[in-house]
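Here is what each chain is made of, one letter per residue.
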Amino acid sequence: MSEFQIDVNVVGGGLAGTEAAWQIASRGLKVALWEMRPLKMPPAHVSDKLAELVCSNSLGSDLPDRASGLLKAELRLLDSVLLACADETRVPAGGALAVGREQFSEMVTCRVENHPYITVCRQEVIEIPEGVTVIATGPLTSPTFSDAIAVMVGAQYLYFYDALAPIVTRESIDMDVAFEGARFAHREGQSADYINCPLNEAQYKRLVDALVGAERMELRDFEREDPHFFEGCLPVEVLAARGRDALAYGPLRPIGIIDPRTGRRPYAVVQLRQDDAAGTLYNLVGFQTNLRWPEQRRVLSMIPGLESAEFVRFGQMHRNTFLNAPELIDSTMQYQSRGELFFAGQLTGVEGYVGNIATGMLAGINAARLVKGESLWKLPTETMMGALAHYVSHADVQRFQPMKANFGLLSPLTQPARGKRERYHLYAERALASLSQYIEQYRDGQEEK
Ligand SMILES: Cc1cc2nc3c(=O)[nH]c(=O)nc-3n(C[C@H](O)[C@H](O)[C@H](O)COP(=O)(O)OP(=O)(O)OC[C@H]3O[C@@H](n4cnc5c(N)ncnc54)[C@H](O)[C@@H]3O)c2cc1C
């Protein structure tokens with residue numbers, strides 16, 4: 001693939017790819033970083049800079065007891081070059097880490113291009129490279145390369161749009177109103193897989209009106225112009241606008257559900273389905289949506305039982321190339337069928353700038369460790385990085401959708417906490433202690449003591 005001697009190829013000079021390349025080069029290995037811009041531009045990018053931020057200039061909360069803040073603290077512990085550049089180019093944004101967009105990408109580009117072990121190759125990659133390789137071509141992977149990935153993994157495991165329904169924590173659902181049960185469970189003895197929020201006619205009508213009237217996110221031109229977008233998977237607000245009864249005959253149909261408190265079938269029902277193995281997170285079935293996030297909170301809190309719901313993910317629908325990662329990769333970010341190949345970034349089903357940097361870092365560290373004959377890192381699920389890697393490698397294959405960092409992914413605490421803030425604080429403390437211990441135990445060039 002190249003004339004100069006290299007140890008690892010990294011495909012894609014976005015957030016995940018540049019962090020991966022840096023981590024590999026920092027471990028004394030030679031890297032070719034392949035980036036197709038500016039020769040070929042994905043529809044959302046505007047520059048030739050590495051690690052371009054395609055939308056917001058905010059990398060999310062920097063508070064230590066927020067999920068995104070914890071992930072940043074972990075990345076700093078592991079010497080992330082992108083976090084260092086973000087810290088150096090930060091602009092005032094309260095508790096969030098926002099950056100001067102151009103300065104950030106400029107600084108990353110300058111550092112990466114000047115690294116003696118990194119060669120940046122401005123070329124579109126159209127085939128899966130030979131040898132140890134990290135693939136991080138992102139949500140807008142070029143069509144030719146997407147085809148090559150689809151041929152390798154199987155077309156049924158590569159998706160081009162996400163359709164995220166909001167997720168709430170189980171403990172924030174009011175179970176004095178909601179109840180467990182599956183459709184026809186009373187008749188057929190099925191297990192109670194769902195949590196059901198019953199609505200009477202007036203509540204249903206208010207919800208439909210609110211959904212129809214709520215403010216929506218602006219779609220990008222390339223999404224609006226794509227005739228396949230939303231096909232077969234309508235946003236809940238679009239379905240609601242098709243007529244008063246559309247939801248009651250669709251995802252909110254009450255058929256086969258009896259409210260144990262009244263002994264009757266409700267007028268409509270919102271079902272929530274378990275989203276993680278630990279049973280701490282539940283998604284609202286059929287509520288994929290493009291409403292603005294504050295509007296989602298306002299409107300969905302009108303659902304009986306969700307008045308005080310804690311949202312760990314809001315819904316969205318975007319153009320997004322991603323793998324059915326749990327079917328294909330391990331928590332080391334390695335492709336199961338070819339151990340020399342690693343995936344990173346949004347392609348693996350991780351959401352958000354910082355989550356993508358994190359998977360780039362893990363893939364980069366492990367690619368370097370593989371070349372050096374060291375055991376690969378499987379980070380503990382008490383850490384946010386480890387929990388994200390675990391999610392994308394172990395989530396439900398049938399319903400896999402991208403996820404951003406959130407506390408619901410971490411393995412549950414063993415000690416009790418008084419309220420949400422204390423719980424988050426304990427999670428964060430445990431995560432950083434666990435990561436420090438792990439780094440100490442598995443330092444580069446040294447195996448478990
Ligand atoms: C329109 C849009 C808006 C978003 N807004 C936000 C936001 O505001 N906040 C947030 O947290 N997240 C946002 N995201 C989600 C995500 O965090 C970012 O897309 C993030 O940049 C993904 O990181 P990545 O490294 O996986 O991909 P990218 O950063 O996109 O990097 C992939 C790189 O690979 C290159 N490439 C693609 N194909 C090839 C090829 N065949 N050969 C060589 N190079 C190739 C691309 O040019 C690109 O530079 C957004 C996503 C999209 C699509």
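Residues numbered from 1 in each chain as written. Predicted model: local features only at pLDDT ≥ 70, side-chain atom pairs only at ≥ 80, totals over all residues. Heavy atoms only, no water.

Considerations on the side chain of Gln-296
Thinking step 1. Residue placement: Gln-296 occurs in helix α10 (residues 293-300).
Thinking step 2. Judged by relative accessible area, Gln-296 falls into the buried class, the value being 1%.
Thinking step 3. Here Leu-291 takes part through its backbone oxygen, which lies 2.9 Å from a polar atom of the side chain of Gln-296.
Thinking step 4. Not counting the four nearest positions on each side in its chain, Gln-296 is found in contact with Pro-166, Met-217, Thr-289, Leu-291, Ser-301, Phe-311, Phe-314 and Gly-315. (Helix = DSSP H or I, 4+ residues; strand = E, 2+ residues; numbered from the N terminus. Buried < 20%, exposed > 50% of the residue type's maximum accessible area, 1.4 Å probe, protein only. Polar contact = N/O pair within 3.5 Å; in protein donor to acceptor, adjacent residues only side chain to side chain. Contact = heavy atoms within 4.5 Å.)

A short note on the domain arrangement of the protein chain
Thinking step 1. Split into domains, the protein chain comes out as domain 1 (8-162 + 319-441) and domain 2 (167-314).
Thinking step 2. Using C-alpha coordinates to define each centre, domain 1 is positioned 31 Å away from domain 2.
Thinking step 3. At the junction of the two partners, domain 1 supplies 19 residues and domain 2 supplies 16 residues.
Thinking step 4. Here domain 1 and domain 2 share an interface that buries about 1500 Å² over both sides, 54% of which is from carbon and sulfur atoms.
Thinking step 5. Among the residues of domain 1 in contact with domain 2, Tyr-161, Arg-319 and Arg-399 are the three that bury the most area, contributing 30% of the side total.
Thinking step 6. Put simply, domain 1 and domain 2 have two salt bridges between them.
Thinking step 7. Across the pair Glu-310 and Arg-423 runs a salt bridge whose closest N-O atoms are separated by 3.9 Å. (Domains from an automatic or database assignment. Buried area = accessible area lost by both parts, 1.4 Å probe. Salt bridge = Lys/Arg side-chain N within 4 Å of Asp/Glu carboxyl O.)

So, the environment of Ile-365
Thinking step 1. By the secondary structure assignment, Ile-365 is in helix α12 (residues 353-371).
Thinking step 2. In this structure, the C-alpha to C-alpha distance between Ile-365 and Leu-78, residues 287 residues apart in sequence, is 10.0 Å.
Thinking step 3. With residues near it in sequence (within four places) discarded, Ile-365 still touches Gln-23, Arg-27 and Trp-377.

Focus: the pattern of salt bridges
Thinking step 1. Evaluated as defined, the whole model comprises 22 salt bridges.
Thinking step 2. A salt bridge links Arg-66 to Asp-65, with the nearest nitrogen and oxygen atoms 3.2 Å apart.
Thinking step 3. Residue Asp-65 is classed as buried on the basis of its relative accessible area, which comes to 17%.
Thinking step 4. Among the ionic contacts, a cluster of salt bridges with common partners joins Asp-62, Arg-76, Asp-87 and Arg-90.

Digging into unusual backbone geometry
A negative phi angle characterises most non-glycine residues, just as the trans form characterises most peptide bonds.
Thinking step 1. Cis geometry is found at the peptide bond from Arg-37 to Pro-38, where omega equals 0°.
Thinking step 2. Structurally, the position occupied by Pro-38 is in the loop between β2 (31-35) and β3 (58-61).
Thinking step 3. Here the phi dihedral of Ala-51 falls at roughly 50°; this positive angle occurs in a residue that is not glycine.
Thinking step 4. As for its placement among the helices and strands, Ala-51 is situated in the loop between β2 and β3.
Thinking step 5. Within the chain, Met-333 stands out as a residue other than glycine whose phi angle is a positive 75°.

Quick look at the site of the ligand
Thinking step 1. The ligand sits among 32 residues. The nearest are Ala-16, Glu-35, Arg-37, Gln-346 and Tyr-353.
Thinking step 2. Ala-16 is positioned with one of its backbone polar atoms (N or O) 2.9 Å from an oxygen atom of the ligand.
Thinking step 3. Tyr-353 places a main-chain nitrogen or oxygen 2.8 Å from an oxygen atom of the ligand.
Thinking step 4. Considering the ligand on its own, with 980 Å² of exposed area, one finds that the protein chains cover 92% of that surface.
Thinking step 5. Counting residues per element, the ones that place at least two in the shell around the ligand are α1 (15-26), β2 and α12.
Thinking step 6. Residues of the shell around the ligand, tallied by class, amount to 14 nonpolar, 14 polar and four charged. (Near = heavy atom within 4 Å. Areas by Shrake-Rupley, 256 points an atom, 1.4 Å probe, with all protein chains shown as cover. Nonpolar A, V, L, I, M, F, W, Y, C, P; charged D, E, K, R; others polar.)

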